[in-house]
Amino acid sequence: MDKQAIIASIDRWFAENGGRMAEISKRIWEFAELQFKEKRSSELLMQLLREEGFSIECPVAGMDTAFVATYKNGDGPVVATLGEYDALEGLGCEIADSYRPTGGPGHGCGHNLLGTGAAAAAIAARRAMQELGIEGSVRYYGCPAEEGGSAKVFMVREHLFDGVDAVISWHPANANMVSEARAMAIMSVRYRFTGRAAHAGVCPHLGRSALDAVILMDVAVNYLREHVQPDTRIQCVITNGGKVPNVVPDEAEIWYYIRAPKKQDLDHVFSRMNLIAEGMAHATETAVRWRVGAGASCNGMPNSVISDMLRRNLQLLGGPKFSPEDWEMAKKLNSEVSLQEKAQSMSQMYAINDPEIYKLDLCEYVQTATQRGVVAPYSGDGSDVAWQAPSAQVNTCCQPVGTGNHSWQQVVCSGSSIGQKGMLAAARVMAVSFCEALCDREMLRAARAELDAQLAAYPYSCPIPPEVMPGDED
Ligand SMILES: [Zn+2]
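1. Things to note about the overall build of the chain
- Along the backbone of the chain there are 14 helices and 10 strands.
- In summary, the chain has a C-alpha radius of gyration of 24 Å against a globular reference of 23 Å for 474 residues, a match within 12%.
- Seen through its C-alpha atoms, the chain measures out along the principal axes to roughly 85 × 50 × 40 Å.
- Looking at the chain as a whole, 54% of its 474 residues qualify as buried.
- Long-range pairs, those at least 24 residues apart, make up 83% of the contacts in the chain between residues at least 6 apart in sequence.

2. Let's talk about the sheet that holds strand S2 (residues 67-73)
- Strand order across the open sheet formed by six strands is S1-S2-S4-S3-S5-S10, with mixed pairing between neighbours. Looking at strand neighbours, the two that pair on one side only are strand S1 (55-57) and strand S10 (391-397), the edges of this open sheet. On average, each strand axis in the sheet is tilted by 20° relative to the strand beside it, whichever way the strands run.
- Note: S2 against strand S4 (residues 136-143), seven bridges, orientation antiparallel. Across the sheet, the residue bridging to Ala69 is Tyr140, located in S4.

3. Points about the domain arrangement of the chain
- What the domain assignment reports for the chain is domain 1 (3-182 + 298-457) and domain 2 (185-292).
- A straight line from the C-alpha centre of domain 1 to that of domain 2 covers 38 Å.
- Residues of the side of domain 1 that touches domain 2, tallied by class, amount to two nonpolar, two polar and one charged.

4. Some words on the nonpolar core
- Judged by nonpolar contacts, the single largest core of 148 residues is most densely connected at Phe434 and Cys435.
- For this core, the element with the highest residue contribution is helix H13 (residues 417-439), accounting for 15 residues.
- Both domains that furnish three or more residues to this core are identified here as domain 1 (3-182 + 298-457) and domain 2 (185-292).
- Sequence-distant contacts of Cys435, that is, excluding residues within four places in its chain, are made with Ile6, Ala125, Ala128, Met129 and Ile134.

5. A word on the sheet that holds strand S6 (residues 185-194)
- Spatial strand order, S7-S8-S6-S9: four strands in an open sheet with antiparallel pairing. Both edges of this open sheet fall to strand S7 (233-240) and strand S9 (287-292), since each of them pairs with a single strand only. Direction aside, neighbouring strands of the sheet carry axes that sit 20° apart on average.
- Relative to S9, S6 runs antiparallel, the two being bridged by six bridges. Bridge assignment links Val189 to a residue of S9, and that residue is Val292.
- Sheet strands touched by helix H5 (residues 210-224): S6, S7, strand S8 (251-260) and S9. Its angle to S8, the strand with the most contacts, is close to 20°.

6. Thoughts on the packing of helix H1 (residues 3-31) against helix H3 (residues 111-132)
- Axis separation between H1 and H3 bottoms out at 8 Å; the angle between their running directions is 150°. Overall, the two elements H1 and H3 adopt an arrangement that is roughly antiparallel. Crossing geometry of H1 relative to H3 is assigned as right-handed. Contacts between H1 and H3 pair Ala5, Ile6, Ser9, Ile10, Trp13, Phe14, Met21, Ile24, Ser25, Ile28 and Trp29 from the former with Asn112, Leu113, Gly115, Thr116, Ala120, Ala124, Arg127, Ala128, Glu131 and Leu132 from the latter.
- Here the contact of H1 with H3 is built from residues that sort into 14 nonpolar, five polar and two charged.

7. A look at unusual backbone geometry
- The amide bond that connects Cys58 to the next residue, Pro59, takes the cis arrangement and shows omega of -5°.
- Position of Pro59 among the secondary structure elements: in the loop between S1 and S2.
- Non-glycine residue Gln371 carries a positive phi angle of around 55°.
- Tracing the backbone shows Gln371 in the loop between helix H10 (355-358) and helix H11 (382-385).
- Judged by the 20 C-beta atoms lying within 10 Å of it, Gln371 is buried.
- Backbone geometry places His406, a non-glycine residue, at a positive phi of 60°.

8. Quick notes on the environment of Trp327
- Mapped onto the fold, Trp327 is located in helix H8 (residues 324-333).
- Sequence separation of Trp327 and Ile418 is 91 residues, and the distance between their C-alpha atoms is 8.6 Å.
- The residues touching Trp327, leaving out its near neighbours within four places in the chain, are Phe322, Asp361 and Leu362.

Basis of the calculations
- Residues numbered from 1 in each chain as written.
- Predicted model: local features only at pLDDT ≥ 70, side-chain atom pairs only at ≥ 80, totals over all residues.
- Helix = DSSP H or I, 4+ residues; strand = E, 2+ residues; numbered from the N terminus.
- Rg over C-alpha atoms; globule rule 2.2 N^0.38 Å.
- Buried ≥ 20, exposed ≤ 12 C-beta atoms within 10 Å, placed from the backbone.
- Contact = placed C-beta atoms within 7 Å.
- Pairing = 2+ DSSP bridges.
- Axes fitted to C-alpha atoms, helices over the stretch in contact; angles between N-to-C directions.
- Domains from an automatic or database assignment.
- Nonpolar A, V, L, I, M, F, W, Y, C, P; charged D, E, K, R; others polar.
- Core = buried A, V, L, I, M, F, W, Y, C linked by C-beta atoms within 7 Å.
- Parallel < 35°, antiparallel > 145°, perpendicular 65-115°, else oblique.
- Left-handed = near helix turned anticlockwise from the far one by under 90°.

Below is the structure:
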């Protein structure tokens, strides 16, 4: 492998195409399409990839805005990336340096950058493969509905990742790093109790209250919380507690999210909650049924071998370089964020403990900590992909240090040069890493061996039941 030649080829491609990629990300920012409605966004990305010689399969896994784009250059390993392009409701879609509550959909998680940057990386790698005779395939998975639709889990369920040797993806962030923090496993489950209605004044003794069962379940689960693994989180809302006080409710429902650092712990908590539900049904002479929803994913499982390679390339190539205007803009966006809030947000979200970064409004340098073994406080559908193929993720600074995800500031940055510079920095690192992975079969074997050992200890099982389809409620 001639790494210098790879970097030179990829740099050439970005010098010629970086501006065009920024424009495409801006168009997707303007579309601001919500989950499963990303028609124009996915079509724009498919058109781009098709023009660059990728073959497209669409729709896939029963989702109209999901697709797989593949470029194959002879036989060899398959490297892949995950593109997202859905927006969030309520954050607005406006460039401003102070908060204006305009509402409506907006790219508050930077997925316009994510989808475009991943495509840029795949295309740049494709050019280098052609120029340098690197054999293998690079594949782009067009993944809709990251914000709660679990599209990637449905794609995994359809075995779309079979035969992939490495998955390298990215997400816009406030820092430049390759973190091996593990996202939590999550599941969504609704317990529906059915009792017997009765006039609450005249004949309450004839009624069997489904609401009583829901309340007792809530109390029992509160007691359960003491006896679960650390970091397990059980969150709930009562979605149906009856209609009026003078009728004993014959229907009631409580809806839970369960999160745990490991999928096996989550399975265990779930089975105990089912026992509680049955017990409370028995006690109240009601019946209970439960339904696991689409909002489910396994815990993250970053591959240390692929992460090490990606981190080395990030350190070699560096983070984004911002202009004086970018710094000025970031300062304005950060004007109401205190040093303490910055520190809290960076340590909570990314487990970053770097006193230097809190003093900055943007970050150009690279964090070197691996965060191996750290439990991240979030969940994501990319986690399930990591159980299919060795996976790693790079983050680059695309928004001010300390500015939260899903914020209006992130909307602003995702549609302006701060985000676009972060995107191109990430894409360059990914493109070089795709080529390196295709050339280094020994590394791919080591990465696969690590994953196989993890799967031997606890095999993958899809967290979404077979009867639940994309777009179904949680
Ligand atoms: Zn996101």
